[in-house]
Every structure is written in C-alpha cells, then in structure tokens.
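Coordinate inspection notes
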Amino acid sequence: MKGMVKNALVHACIYFTIAMALWLIVGFVFAGPVEGIVMSASILGACVLMALLQSLWFTDRVMKRPGYPVRILGFGVCGIVALGACAWLGGWVPRDVPEAWITFAVIYLLLLVLFTVVFSFVYRNEVAKYSDALKRFKARGE
C-alpha cells in the first residue's frame, strides 16, 4: 500500500509538471509575459534547476570523490545563484530593496541548514538500522 501511494504521488507530480509547462506556454502565447505567468514560469524553472543541482551534487555518477560537506557547500552556492536568478526574473523579491534580498538569502541559508540537519539525522538512523540488521544476520549465519 505504501509503495502504491508513493507511486501515485510521483505520477501526480510528473503530470502536474507537464501540465504546468504546457499551460505556461499557452499562457505566454495568448496573454504574453504577465506577472502571474512569469512568476509561475520562474517557480517551475527554479524547481527544475534545483532538481538538476541535486542530481549533480548528490549522486556518485557525476562526482565520486567529494565528501558530504563539499557537496552541501557546492549545492548551497549553486542553489542560491539559481534561486536568486529565478527570483530576479520572476519578480519574487522587489529588485530595488536590498533588505528583501538579504532576507531572501537568510531564509535560503536557514532552510539549507535545517534540511541538512534533518537529512543527516534520518540518514544516520537508517545506517544504524542497517548496521544492526547486518550484525544480526551475520550472527545467525555463524
């Protein structure tokens, strides 16, 4: 049941992304670059960019050597540049208010730290569970 729900959610995300992309194209054709369409396109672009950056920095297929701190730093720097560009183009933050951009950067950094801590905690617990299961398996085999 759990796998079925996960599969349904993944498919819903895929269908939503395809529908958004198609309707954004239709919106640009018929309405032009109005605020809501530009903002929606920039949000979709940000999602795609962040997914690509995650794939670049956190898979061994692209980079085999860097440790986790280097990956976090690389992802963090590239991520703030990508999101900053999307925010600039999409009008998420007033362009002429430096305090708004500082707040944007602080929120980004806080979320990056929060997600890093949570993921590290979950990962550490999973590793411990698998390690214990492996020890029990080896103990039964001896």
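The coordinates are above.
Structural notes, computed from the coordinates. Just so it is clear, the model here is predicted, and its values are computed rather than measured.

**Observations concerning the overall build of the protein**
A tally of regular secondary structure across the protein gives four helices and zero strands. Written out in order from the N terminus, the α and β elements of the protein read α-α-α-α. Taken against the 2.2 N^0.38 rule, which gives 14 Å for 142 residues, the C-alpha radius of gyration of the protein at 20 Å runs more than 25% over that of a compact globule. The dimensions of the protein, computed from C-alpha atoms along their principal axes, are 70 × 35 × 25 Å. Split into buried and exposed, the 142 residues of the protein put 21% on the buried side. Considering only residue pairs separated by 6 or more positions, the protein has 43% of its internal contacts joining residues 24 or more positions apart. Here the protein has roughly 10,900 Å² of accessible surface; of this, 75% comes from carbon and sulfur atoms. One finds the centroid of the 13 positive side-chain charges in the protein at a distance of 14 Å from the centroid of its 7 negative side-chain charges.

**Considering the packing of helix α1 (residues 2-31) against helix α2 (residues 35-57)**
Close contact between α1 and α2 brings their axes to 10 Å; oriented N to C, the two are set at 145 degrees. Crossing of α1 over α2 shows left-handed handedness. Between α1, through Thr17, Met20, Ala21, Leu24, Gly27, Phe28 and Ala31, and α2, the contact on the second element is made entirely by Ile37, Val38, Ser40, Ala41 and Leu44. Looking at the contact of α1 with α2 residue by residue, the classes come out as nine nonpolar, three polar and no charged.

**Overview of the environment of Leu49**
Position of Leu49 among the secondary structure elements: in helix α2. Classification of Leu49 by relative accessible area gives partly exposed; the value is 35%. In contact with Leu49, not counting residues within four places along its chain, are Ala82 and Cys86.

**Quick word on the packing of α2 against helix α3 (residues 68-90)**
Packing of α2 against α3 brings their axes to within 9 Å, and their N-to-C directions diverge by 165 degrees. In this view, α2 runs roughly antiparallel relative to α3, as classed from their interaxial angle. Here the hand of the crossing between α2 and α3 comes out right-handed. Each of Val38, Met39, Ser42, Gly45, Ala46, Leu49, Met50, Leu53, Gln54 and Trp57 in α2 lies in contact with α3, whose residues at this interface are Val70, Arg71, Gly74, Phe75, Cys78, Gly79, Ala82, Leu83, Cys86, Leu89 and Gly90.

**Here we look at the pattern of salt bridges**
Using the criterion set out here, one finds two salt bridges in the structure. Note that Arg71 is salt-bridged to Asp60, the shortest N-O span being 3.2 Å. With Arg71 in helix α3 and Asp60 in the loop between α2 and α3, this pair connects stretches of sequence that are 11 residues apart. With a shortest N-O distance of 3.2 Å, Glu126 and Lys129 are connected by a salt bridge. On the criterion of helical spacing, the pair formed by Glu126 and Lys129 is a turn pair, its members being three residues apart in helix α4 (residues 98-141). Lys129 sits in the exposed class, given a relative accessible area of 53%.

Thresholds applied
Residues numbered from 1 in each chain as written. Predicted model: local features only at pLDDT ≥ 70, side-chain atom pairs only at ≥ 80, totals over all residues. Heavy atoms only, no water. Helix = DSSP H or I, 4+ residues; strand = E, 2+ residues; numbered from the N terminus. Rg over C-alpha atoms; globule rule 2.2 N^0.38 Å. Buried < 20%, exposed > 50% of the residue type's maximum accessible area, 1.4 Å probe, protein only. Contact = heavy atoms within 4.5 Å. Areas by Shrake-Rupley, 256 points an atom, 1.4 Å probe, with all protein chains shown as cover. Lys, Arg positive; Asp, Glu negative; His and termini not counted. Charge placed at Lys NZ, Arg CZ, Asp CG, Glu CD. Axes fitted to C-alpha atoms, helices over the stretch in contact; angles between N-to-C directions. Left-handed = near helix turned anticlockwise from the far one by under 90°. Nonpolar A, V, L, I, M, F, W, Y, C, P; charged D, E, K, R; others polar. Parallel < 35°, antiparallel > 145°, perpendicular 65-115°, else oblique. Salt bridge = Lys/Arg side-chain N within 4 Å of Asp/Glu carboxyl O.

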